[in-house]
Amino acid sequence: MAAPQNAISSADTQQALSPQTVFTLAAGAGLSVASIYYSHPMLPSMGAELRVSVAAIGLVATLTQVGYALGLLLLIPLGDRFDRRNVILAKGLLLALALVLCSISGGVNTLLLTSLLIGAAATLAQDIVPASAALAPEATRGKTVGSVMTGLLVGILLSRVISGFVGEYLGWRVMYGLAAVSIVLITVCLWRVLPRFTPNTGVSYAKLLLSMGLLWRHYPALRYAAFAQCLLAVAFSAFWTTLAIMLHDDFGLGSATAGLFGLAGVAGALIAPLAGKQADRFGPHRVTLVGAIIVIVSFASMFLLPLLDTQSRLILIALSALGFDLGVQATLIAHQTLIYGLDPEARGRLNAVFFTTMFVGMAAGSAMGAFLLANVGWLGVVALATLAGVGCLLIRLGAGRRTV
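Going by an unreviewed UniProt entry, the protein chain carries the name MFS transporter and comes from Halopseudomonas pelagia.

Further remarks concern the packing of aromatic side chains. In total, this model carries 13 aromatic pairs according to the counting rule given. Considering the side-chain rings of F354 and F355, the 5.0 Å spacing of their centres and the 90 degrees angle between planes classify their relative orientation as edge-to-face. Assigned by exposure class, F354 and F355 land together as buried. The structure contains a cluster of three or more aromatic residues connected by ring pairs, namely F236, F239, W240, F299, F324 and W378. The ring of F82 carries the charged tip of R81 above its face, separated from the ring centre by 5.0 Å. Here the basic side chain of R85 rests over the ring of W191, its NZ or CZ set 3.6 Å away from the ring centre.

Time to look at the nonpolar core. The tendency in soluble globular proteins is for nonpolar side chains to be buried as a group. Counting residues in each nonpolar core, the largest one holds 117 residues, and the members touching the most others are M46, L152, F239, W240, L243, F359 and W378. If one sorts the elements of this core by residue count, helix α12 (residues 220-251) sits on top with 20 residues. The residues touching M46, leaving out its near neighbours within four places in the chain, are S39, I57, V60, L111, W172 and Y176.

This part takes up the pattern of salt bridges. Applying the stated criterion across every chain, the model contains 3 salt bridges. The partner of R173 in a salt bridge is E49, with the nearest N and O atoms 3.1 Å apart. On the criterion of sequence distance, the pair formed by R173 in helix α10 (residues 172-193) and E49 in helix α3 (residues 43-50) is long-range, its members being 124 residues apart. Taking the relative accessible area as the measure of exposure, R173 reaches 25% and is therefore partly exposed. Across the pair D127 and R84 runs a salt bridge whose closest N-O atoms are separated by 3.8 Å. Of the two residues, D127 sits in helix α8 (residues 125-135) while R84 sits in helix α6 (residues 84-103), which places them 43 residues apart along the sequence. In this structure, D127 and R84 share a single accessibility class: buried.

Thresholds, definitions, all that
- Per chain, residues are indexed from 1 in the order of the written sequence.
- With the structure being a predicted model, the display of local features is reserved for residues of pLDDT at least 70 and the display and counting of side-chain atom pairs for 80 or more, all residues being used for whole-chain, interface and lining totals.
- Hydrogens and water are ignored here; the side-chain numbers use all heavy atoms of the structure.
- Aromatic pairing here means that ring centres of Phe, Tyr or Trp (its six-membered ring) are within 6.5 Å. Orientation follows from the plane angle: under 30 degrees is stacked, over 60 is edge-to-face, and everything else is tilted.
- A 1.4 Å probe rolled over the protein chains alone gives each residue an accessible area, and that area as a share of the maximum for its type sets the label: buried under 20%, exposed over 50%, partly exposed in between.
- We count a charge as sitting over a ring when the NZ of a lysine or the CZ of an arginine lies within 6 Å of the ring centre and within 35 degrees of the ring normal.
- The nonpolar core is taken to be a set of buried Ala, Val, Leu, Ile, Met, Phe, Trp, Tyr and Cys residues, with the residues joined through side-chain atoms within 4.5 Å.
- Only DSSP runs of H or I covering at least 4 residues are called helices, and only runs of E covering at least 2 are called strands; the numbering of each starts at the N terminus.
- A contact between two residues is defined here by any heavy atoms of the two lying within 4.5 Å.
- What counts as a salt bridge is simple: a side-chain nitrogen of Lys or Arg found within 4 Å of a carboxyl oxygen of Asp or Glu.

What follows is the structure, encoded as C-alpha cells:
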C-alpha cells in the first residue's frame, strides 16, 4: 500500500537524519530560542535609553518567558494537528516580524508587548525538537534529540555573548534587527530540508488543548519530569536574568563582559549529546539524578564568594555557570527522552505540557531573581537557585520509587 503523499517515508527519514539536516535542525532550534535571551545582557543599556527602573526593564525578560509559556501551551499542539513543516514556516516568519517590531519600538510599553510576542513565536524551537524525534529511529532517539538540543542550548548561551557585544558597540536595536535576518534565513533552510509530516490526529484544536490535561493526568512520569525541570528553570533563569545587573553594580562591568559568561555555559551545553547517549543506555532517570546533584553543588559553591577577592569571585561565578549549565542541560535531555517515549502520537502535546511548565519556572525565576537581587543581594539569588536544585533532586528521587 502506498504511503500518503505527505507521510515521512523511509527514504525521507534517511535524508532527514543526514548530518546536514541534523545540523540545520540544531541551528534552527538555537537561533529561534536565542531570541528570548538576547535581552539579558542588554537590560541595563535598554533601561538607560528608555529611562526606566531596573524593576521595569526586568519585565522584558519576564514577559518574554511568559510569552514563551503561552506559545507552548496554545501553539505547540498545532504540530500534532497540521503538517509540522508548515507550522515551522509560519512561526518562523511571525518570529522575524516580532523581532523587527522590537527593534523599532519607541517606548517601554511597546517593548514589553513585542517581547511577549517574541516569546510566543520563539516556540518554533519546540516544533523543531519533536520533528527530530519523529524522524529518528527509537534506538537512537536520545542521541538525535541530544544533537538537536545541543544547538538549542548553545543558542541560549551564545545569545548572551553575541548580544552583549552587539548591544555595547552597536546598540540593542541593531541586535534585534540582526536576529530577525537570522530567523528568516534559517526558516528558509528548514523549509527546504524537512519532509512533509503526516498529522498525528484529526481532532479539533479545542480537543487538542483538552487532551493535554488528559495526558497530564494519565502519565505520572510526565508530571515528575515537568515539575523537576520547572525547578531547575527557576534556578537557571534567576541566575542569568540578574547576572548582568549584578556584574554592573558590583564590579562595574558592561554588557559585553557579562555576555562572555555565556561562554562558560556553552561548555556545559556540549554535554547534551553525551547525556542523550547515556539516557539511551542507562535510562533517563539516572541521568536526571546526576544532573540535579551537579546543579546543587555548582550553585552552593557561590556561597563562598564573600570570602574571595575580586578576581577569584569572577572565576568562581564562571566555573559555577559551567557546572550548573551542564547539570541543567543533561537533565533536560534526559527528561525529553523520557517523555517522547510515552506516546509517539502526542509528542507535540507532551512537549507543550513539559515546556509550558518549565517556562512558568523560567518566568518565576526571572521575577524572583530580580526581587531578591534588589532586596537581599546576590546571595539571595544563589540561595533560591540552590534550593530549587534540591527540590528537583527530591522530585526525581520520588519518581524513582514510583516510575521511570
